[in-house]
Amino acid sequence: MSVISSQEGRLSGRNPPPVVVSPGYWKGVVRRVSRDRVTLICGAILLVMLLIILFAPLLAPFDPLQGSTGRRLKPVGWQGHLLGTDELGRDMLSRLMYGGRYSWFLGIAPVVVAFLIGGGLGITAGFAGGKVNMLIMRATDVFYAFPSVLLAVAISGALGPGIFNAILALTLVFIPPMIRVSESVTTSVRNLDYVEAARATGAGSRRLVRVHVLPNVLGPIFVYATTLVSVSMILASGLSFLGLGVKPPEAEWGLMLNTLRTAIYTQPLLATLPGVCIFTTSVCFNLLSDGLRSAMDVRA
Amino acid sequence: MLLYIVRRVAYAIPIALLVSLVCFMLVHIAPGDPIDSIVPPDTPKEAVEQVRREYGLDKPLPVQFAVWLSHVVQGDLGRSIASRRPIAGDLMLASGKTFVLAVTAATIGFSLGVALGSLAAFFQGTWIDRLCVGFAVAGVSVPHYWLGMVMVIIFSVLLAALPAMGAGPSDWVWDWVHIRFLILPAITLSVIPAGLITRTVRGTVIEILNQDFITTLRGKGIRRSGLLLHVVKNAAPTVLAVMGLQFGYLMGGSILVESVFSWPGTGMMLNNAIFRRDIPVIQGATLVLAMFFVLLNLIVDLVQTAIDPRMRRT
């Protein structure tokens, strides 16, 4: 997230006349969000989760990697282990806290990178039109010809396990849809009368993009990116679940689900806990982006 | 219309070629010498050199691609490193199993989605609508590999009612002995399309109900069943298109569910290949599934255009 805001900050800082967005619009967005109970609750849950995983080293009661054969698969509440222990005797609560760091990072990083690259390419294609548009959009079509899960699995399967490879694979999956959405939003804005008027009064390409196009397309593109976060988290944990992505003994929700599969007969409740974390996060992100979409009045 | 078909098919050909190029590159993005991804590690040196020549790996990349493609077109996807068997044959068997799973999941998911989506749209704003929308959000947000585990825990471990893994003895037959194995994975896999179709149907139907011609029809005093007919006719193209793509996602994206339930389809095959770093199998399975998806996209486009000429792309 910080990557996006610093990028915008730098843009407006370098070009003194700030981006023109009527102040009433954002006031309206904030007012609509503050009246939307579901969105507020989801935002609050996500904020609490974020704080917990950020401060995991301070909050976690045990070392997430330190196991012991003597206390394997102990039930909830056993000797100070609030959520029990996993198949190697490691504290579940601590592992869930630390695991969230990887799951969140692996879920959000690909969307952020895809937002920057795909958004950039899409806006370029939409604004330039003609041959540039043709080239970018036809290349996008090729990646659209793969089901997303398959593409992610195939690329990271070929590259091998690892955090970087998983992020790379997921980024490649999300760039094409980002390009398509940014291109269609930009194309529709580019053809509006006021852009034509600005062009007629002699505004150059840079000025057109900066003042007239960007402020009007970034919102919808950003909202679209937020809808991808939920999918991205499920896919990222799925890759770790398949043994791609995060490697043991690190804690990551998808990987934990996989290693706990052997425990479904002895500790079924414990075995499903990492999945509950993924599910909660992904539902909240989905509802939050729905709320943002209607508050910002974005269609498409 | 004929011209449109020809143009659409002609457009699919370069896409298919580029898709196979992406699959071809999978071997080359794997770390190390691509030859190591193709032959088992203990192969004698002369044999390695022979394979290198046979696949043209001593030639420049474009030539290699041409050689590889000529093999693929003849149905030769190479051999698995692990089992040393031809990939194409294994893949055929596995695709059949995945197809059974995907068709069942699609049937469940699509019927549920259409029912819930139309309910939500006709009762827009009521508690029925909120319930259906809630289900849809849960459906698209659930990590289905986790849902699969939960299903196994409930129905196999606690109730001991249904088997937790496999696809039954020997070949697939549509009898109870085999269908028992299909129930849990199919329901698990159907949740995502059910959620998505609910959303799509609800959105499409609401949009139609807000159009002028509906107001006119209502003003003329049309019966409910008559109204429904108009809605179905107008919603069908959009909904069918989404369903077509979703079926493709089910075929190509069943890897997680298949590995949870050890369902012996293409997903399981991919999963094993990833585990053994059997790159030719990853490449072959990806290629076949992606080609199926390209073909499906083409069919969806043509069918959609046939039933609704307004959709015709230029």
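How each quantity is defined
Residues numbered from 1 in each chain as written. Chains lettered and ligands numbered in written order. Predicted model: local features only at pLDDT ≥ 70, side-chain atom pairs only at ≥ 80, totals over all residues. Heavy atoms only, no water. Helix = DSSP H or I, 4+ residues; strand = E, 2+ residues; numbered from the N terminus. Buried < 20%, exposed > 50% of the residue type's maximum accessible area, 1.4 Å probe, protein only. Contact = heavy atoms within 4.5 Å. Areas by Shrake-Rupley, 256 points an atom, 1.4 Å probe, with all protein chains shown as cover. Lys, Arg positive; Asp, Glu negative; His and termini not counted. Charge placed at Lys NZ, Arg CZ, Asp CG, Glu CD. Buried area = accessible area lost by both parts, 1.4 Å probe. Salt bridge = Lys/Arg side-chain N within 4 Å of Asp/Glu carboxyl O. Polar contact = N/O pair within 3.5 Å; in protein donor to acceptor, adjacent residues only side chain to side chain.

(A) Spatial organisation of the overall build of chain A. Helices and strands together make up the secondary structure of chain A, namely 12 helices and zero strands. If you list the helices and strands of chain A from N to C, you get α-α-α-α-α-α-α-α-α-α-α-α. Each principal axis of the C-alpha distribution contributes one length, and for chain A these read about 80 × 45 × 30 Å. When the 300 residues of chain A are sorted by exposure, 51% land in the buried category. Long-range pairs, those at least 24 residues apart, make up 72% of the contacts in chain A between residues at least 6 apart in sequence. Carbon and sulfur atoms make up 67% of the accessible area of chain A, which amounts to about 13,600 Å² in all. Taking the average location of the 25 positive side-chain charges in chain A and that of its 14 negative ones, the two points are 5 Å from each other.

(B) A look at the interface of chain B and chain A. Of the residues lining the interface, 44 residues belong to chain B; the matching set on chain A comes to 43 residues. Taking both partners together, chain B and chain A bury about 3,700 Å²; carbon and sulfur atoms supply 77% of that area. Looking only at chain B, the three residues that lose the most surface to chain A are Tyr-145, Trp-146 and Met-149 of chain B, adding up to 17% of its buried area. Put simply, chain B and chain A have one salt bridge between them. Note that Arg-199 of chain B is salt-bridged to Asp-290 of chain A, the shortest N-O span being 3.3 Å. Linking chain B to chain A there are 11 residue pairs in polar contact (both at pLDDT 80 or more). Elements that contribute at least two residues to the side of chain B that touches chain A include exactly α1 (2-29), α6 (127-141), α7 (144-158), α10 (224-252), α11 (255-261), α12 (266-276) and α13 (279-307) of chain B.

(C) Main features of the environment of Ile-155 of chain A. Mapping Ile-155 of chain A onto the fold places it in helix α7 (residues 148-159). The spacing of Ile-155 of chain A and His-212 of chain A is 57 residues in sequence and 38 Å in space, taken between C-alpha atoms. Residues in contact with Ile-155 of chain A, not counting those within four places in the same chain, are Ala-169 and Leu-172 of chain A together with Leu-26 and Ile-29 of chain B.

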